[in-house]
Every structure is written in structure tokens, then in C-alpha cells.
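A closer look at the structure
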Amino acid sequence: MPTLPQVLAKLSFFTTTPAILGLVITASLIVVIRDWRLSLAALSAQYVLAGLLLTRLIQPQVAVIKVLIGALVCIILYLTARFAPGQRGSEEASASGQEAVGDMGSAPGAVRVSLADFSFRLLVAVFMGLVVYSLSKRYPMPVVPPDIGFACYWLASLGLLTLMLTEEPLKVGMGLLTLITGFEMFYSPLEPSLSVAGFLGIANFLIALAIAYLATASPLERTGGER
Amino acid sequence: MTPGPLFLIALPLALAPVVFVLRRLTLPAAFLASATAFVMAGLCLRPPLHQPVSVFGWGVALSQPVTVLGREFSLELADCYTVGFICLIAAVAFLFAWRVPQGHQFFPLGLVILSLLGAAVMVRLFLFAVLFLWIAGIVAVFIIQGPGRGAVQYLVIVSLATLPLLIAPWLIDFYAVNPDNLALLRYAAVLLAIGFAALLAVVPFHGWVSAVAADAPPVVAAFVFSVTNAVVLLRLLNLLKSYSWLAENPQVFSLLRLGGLLMAIVGGLLAFAQRDFGRLLGYALLSDMGCTLVALGFASSAALTAALLQVAHRSVGLMLTAMGLAVVRRQAGSDSFLNLAGVAKRLPLATAGLVLGNLSLAGMPITAGFPSRWAIYRILPTLDLALAMLLSGAGVALGCLHGLSTLLGHSNERSAEREPLIASLMILGMIVLCIGLGLHPQWLLPAIQRVVESFSLVAR
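Residues numbered from 1 in each chain as written. Chains lettered and ligands numbered in written order. Predicted model: local features only at pLDDT ≥ 70, side-chain atom pairs only at ≥ 80, totals over all residues. Heavy atoms only, no water.

**Quick word on the layout of surface pockets**
The criterion, for reference: Cavities and pockets were defined on a 1 Å grid built from protein atoms only: a cavity is a group of points that admits a 1.4 Å probe but offers it no way out, a pocket is an open group of points flanked by protein on both sides within 12 Å along at least five of seven lines, and a lining residue is one with an atom within 4 Å of any such point. Grid points are joined across faces, edges and corners, and a volume is the space filled by probe spheres set on the points. Secondary structure elements follow DSSP: runs of H or I no shorter than four residues count as helices, runs of E no shorter than two count as strands, and numbering proceeds from the N terminus. For this classification, the nonpolar set comprises Ala, Val, Leu, Ile, Met, Phe, Trp, Tyr, Cys and Pro, the charged set comprises Asp, Glu, Lys and Arg, and every other residue, Gly included, is treated as polar.
In this structure, the largest pocket occupies an estimated 1,500 Å³ of space. Mapped by element, the contributors of at least two residues to the lining of the largest pocket are helix H7 (146-165) and helix H8 (169-190) of chain A together with helix H6 (150-177), helix H7 (182-199) and helix H8 (207-215) of chain B. Each residue belonging to the lining of the largest pocket can be placed in one class, and the counts come to 34 nonpolar, seven polar and two charged. Taken together, 30 residues form the lining of the second largest pocket, with Tyr81, Phe85, Leu88, Ala312 and Leu444 of chain B sitting closest to its centre. In terms of residue count, helix H3 (residues 77-99) of chain B provides more of the lining of the second largest pocket than any other element does, eight residues in total. Here the residues of the lining of the second largest pocket are counted per class, giving 26 nonpolar, three polar and one charged.

Right under this line is the structure:
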């Protein structure tokens, strides 16, 4: 059975430009695509790619633990999206093409709104890309190499953008976790302490649980029926 | 002998699972949670600090530091009072939640939050204090609940505030080895300002306060606001005490004054425009916290005393408002002025608590909020500033009086529901305390002055 260093050596190709490109695509998908399955798949891939990039900066074992925490987070979010009553509702609406319809009702109208929403998000993501590019050139991040600095900026900016564009708890959670992943890529080499890494892992895990709780529990259940 | 910090962190954490198991049996859960918080408060507020005490036969040395995984936890006088203060608030909130349910998770998770905030107070390294605060904030999301977006907004703002606060200590440490690079300190100061502004709800980061106040069960909202605010302010003061470059920078204090002034103005204006007691509570709090920040911005002993007095008195006004609102919301099913016509006749004590609490947050005479506000008005150097603070309080008071006019209005609805007796007695107790503190503010002054002395570097 190959050891961790052997596995990482085989994956070394992915710890450079392909990983950065992958992160650009995954974070963009989270912003642009409304379907939770695709967004969640993108988030999972994002954790793996960020972990691979981090092997260049921190101990590989710690990077692997971060990927495992990411996997746990994605499992929690998957179960939430799969079984939460609200999410099932939006799933059915999505299947019948009623996503993002608002009050417009009719199917052609729904498709138009959906397309407009998609185009708007794509356009904003492209603009954000330009901002990130110029930011990473003008204010390169200290300690981390320029390509990883760009990835940090990209993830943090698109995470922030997701937070601005949505109100749904699950999507907000994905945006927040994307932002925190970008932050951790910058912060982990600055603060290599294991206890800090542990705290960040706990925070990620608790955020996923909190999001799952907010997305799942109906208001009546949450308040114990007193409202 | 058990070190005090370890005891204060471990006790609520150890009892939280027991309370969790009992959470649907409100009476034992509330009493166990409340008793735990009372014991902790008694331990912390009982001077002197260096003398070992016995808790149910268990020896506890409060002043004995403890090191966990290389991080030191210790209790100084200000930390001790802060932990005692937040435990006292928690004890009252848990006890009230026995009669007016605030969600089943409130008791166990409230204890977990107490433990985490205690750790945030007692850990010496700022970086770890921020991490404990962050995790406490995430745990609070589970009790904020509510049908709206309050919990999500709180989660986002706490997380966004944490990130710059985590980077700042690294910049400060980096400056220690590169003393010529003053830009590092500038960046650190900016990051600290952003992080603290978000945590203290300084405009434009204030949206979450009204959202949480409207969404969360009222007593939970009051608990979260009071305890987190106290801990955040303590860490801010500790930071100013630890780093002279920060405490000697006049821009830091100008920023505090400006932020506070904006909060007070926005809070007062928006409170005046509210037609909902939940949101009114949020904006009243914003206005009051703004006054505290303005006072802190003057960095004198008198100003710091007034600010800390206001923090303590605010919690009484806040808890009283929340208790009244909890009863009104439970019995009338709404916070909106439109649906509360005639409620005052059915729920006189809850109405009195709700109105008096709000007036206390507005700094009206005879209430707990007045003495600290008056002390703040007196230290303000210009009349304009004093007038702005006064108008901010007036905005809150007018918003509240508008609500009162509806509560006193006529309703055709004949409700058989009576005011809950024990909850009403608790509200009555808080009303007495609120008026008592308004008339005799010197009760708390000796303790507050001792804390102010420990921050002599900040309060010049």
C-alpha cells in the first residue's frame, strides 16, 4: 500500500496550476449554479484541491486532516440537502423548472428569469475575477507563493460574493465555507500551530452543523413550539 | 486545589450533557443550569481573588493559573468580574426560561457558551480568545433559532469578524521582529478595527442586531447580546492595555468615538421608526452601545467608569425588556404594534417590564440606564455631541412610547389567558432592580472602579 508521501508525489502535478484552475472553476460553480448537487460537488472538489495546494506549505498530514474535515462537512451538507423538507421543496421546484421564478409563475417566464439570474451571477463572477486578478498583482499576499495568494483571494472573494447573492442557509453555508477555505490557505502557513488548526477544523465542522440545523429545523421545532 | 480557570471552564461544560438529557423537563433543566451559573457567579464575584474557596467541598484557587496545551489561562480582577457578570445574566435568563420557554436547547447550549466565553476571557493569548469567541458565536446560532434570517446573519458576521482578528496578532508578532516596518502596525490596527466593529455592531455592520432581536426568543437575544458584548469589550480593553502603540494612538480613540456616534444616531433614528417591539429592542441596544463606545473613546478614568457602568446597567434594561417581550410574544403571538392593542390590560406587568426596560435602554430618568448616560453626557466636551446622544435616547423612548400607546389601546378581543404568575414575579423583581439601580447607581460603583484601576494605562 502506498504511503502518504508516495501518494502526494504522484499527485504533485495537481499541486500547481491545475489545482488553481480547479479552484477557480469550483468557486465559480458555487456562485453561478443554483443546483445544490453541483454546488456541493464543487465544494467537495474545492476541499481536495485546497488540501493538495496546502501540501506545498504545511505538513502533509495536517493538509490531509483538513481534507477529511472538508469531507465531513460535505457529508453533513449532503444529508441536509437530501432530507431537509425545505430543500426537498426547492428540489421539486427545480425539477419542474420553477427555480428562481418568484411571482412570475409561467414556465417560459421561469426559464427567462432563471437564465437572467444565471447570466447575472456569471457576469458578477467574471467582474470579481478581474478584481481578484488586479488585487493579487497589486497587493500580493505575504508568506504564500503568488499562485496560492491568487487562489486565496479568489476563494475569499467568491465566498463573499455567494454570501451577498443568496439568503438560503445551505448556499450561505457553502459561501462561508468557501471564504474560510481561502482564508485557511493563507493562514495555515502563518500559524502552523496544531491547536490553531484544530480550532479551525472545529469551527468548520460546527458551521456545517449550524447550517444543517438552520436549513433543516422548521421554526416550530426550533422554538420548541412556543411561537 | 483546582485552578479557578479550569473549574470555571470545566463546570458548565461537564454539566451541559446532563442538562441536555433533561432539556425537555424544563424545571430540572432550568434549575440545574441556573444553579451552575449562580455558583460560578458567586465564586467570581466573591472577593478576594487570591483566597482559595470551597465549592461543595471542592477547593478552588481562583488566582491559580493553568496551562492547557501550552496556553495559559488565568484570572485577573477584571476577568473575574466579567465572568461573574456573564454568569449572573445567564442564571437569571435560565431561571426565566423555566416559565417562559426559550427553546429546549437554551439550557445546555447556554452552559456551553458560558464555558467558551469564560475561556475567551481567561486565555492570555488574544489569538485563542478570538477562536473561543468564534466557536461560542457559532454555538449561539443553535439557540438564536427563529423563522427569519437572524441566525444566518449572526453566523456570517461572527465568522467574518473573526478572520481579520486572527491575522492581526501575527502582524503584531511580525512587527516585534521587524520594528522598522511600521506599516505592519497600521495593517494590524485596521484589521482589529474591522473585526471589533463587526462584533460590536458598529455601523455599517449593525444589521444583524435587529435581525437577531426580531428572530430569536427575546431572552436568548438578551443573553447573547449581553454576554458576548461584555467579553468583546473586555478583550478590546485588554488589547489596549497590552499594546501601548495602540493605546497611545489618538486615531484609535477617534475611531471609537466616531463609530459610537454613528451607532447612537442610527440606532436612535431607526428605533423611532419601528413598529415592532423585537426590532425596537435591537435598535435600542444599538443606540445604547453607541453611547458606550463614545465614552470609551474619551479614554479617561471617568469615561471608562461611565462606560462600564453602562454595560452593567444595560444588561438589566435589556433583560427586563426581553422578559416583558417574551411574555407578550407568548400570550399575544406577535411583536408587531398592530397586533398588540389592549395587551396592557391583559398583561400589565409584562407591559410595564417591556416599556420600562426600553426606557432604561433609552437612558430615561429613574431607570438603570439613566445614571451611566448622565455620566457620559457630562464627560462629552461639546454640546453637539451631548445633544446627539440625547436625541438618540429620545428616538428610542419615542419608539417605545408609540408602542405603549398601542398596548394601552382598546381591543375587542377577550382573552382568557392570564399573566403567568412566576414569570410576572421575576419581571417585578427586575423592575425593582431597574429602578433601584436608577436611584442608587453607587451599588455597583466600587466594583467598577476597581476594574477601571486595572486599566489605568487605557484610562489616562
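From this point, things continue past the structure.
**Details of the nonpolar core**
Under the convention used in this document: Residues grouped as a nonpolar core are buried Ala, Val, Leu, Ile, Met, Phe, Trp, Tyr and Cys residues, joined through side-chain atoms within 4.5 Å. Whether a residue is buried, partly exposed or exposed follows from its accessible area with a 1.4 Å probe, protein chains only, as a fraction of its type maximum: under 20%, in between, or over 50%, in that order. Should any heavy atoms of two residues lie within 4.5 Å, those residues are counted as being in contact.
By size, the foremost hydrophobic cluster in this structure holds 260 residues, and its most contacted members are Met185 of chain A together with Phe96 and Trp134 of chain B. By residue number, the principal contributor to this core is helix H5 (residues 126-144) of chain B, which donates 18 residues. With residues up to four places along the chain from it excluded, the contact list for Met185 of chain A reads Leu23, Ala50, Leu53, Leu54, Leu57, Val144, Ile148, Ala151, Cys152 and Leu155 of chain A.

**Overview of empty space enclosed by the protein**
Applying the stated criterion to the full structure yields seven cavities of 30 Å³ or more. One number sums up the size of the largest cavity: a volume of about 190 Å³. What lines the largest cavity is a set of 18 residues, and nearest its centre among them are Tyr154, Leu199, Trp208, Thr228 and Val232 of chain B. Elements supplying a minimum of two residues to the lining of the largest cavity: H5, H6, H7 and helix H9 (218-242) of chain B. Classifying every residue of the lining of the largest cavity by side-chain character gives 14 nonpolar, four polar and no charged. Looking at the second largest cavity, it is lined by 13 residues, and the ones nearest its centre are Tyr47, Leu54, Lys66, Thr181 and Glu184 of chain A.

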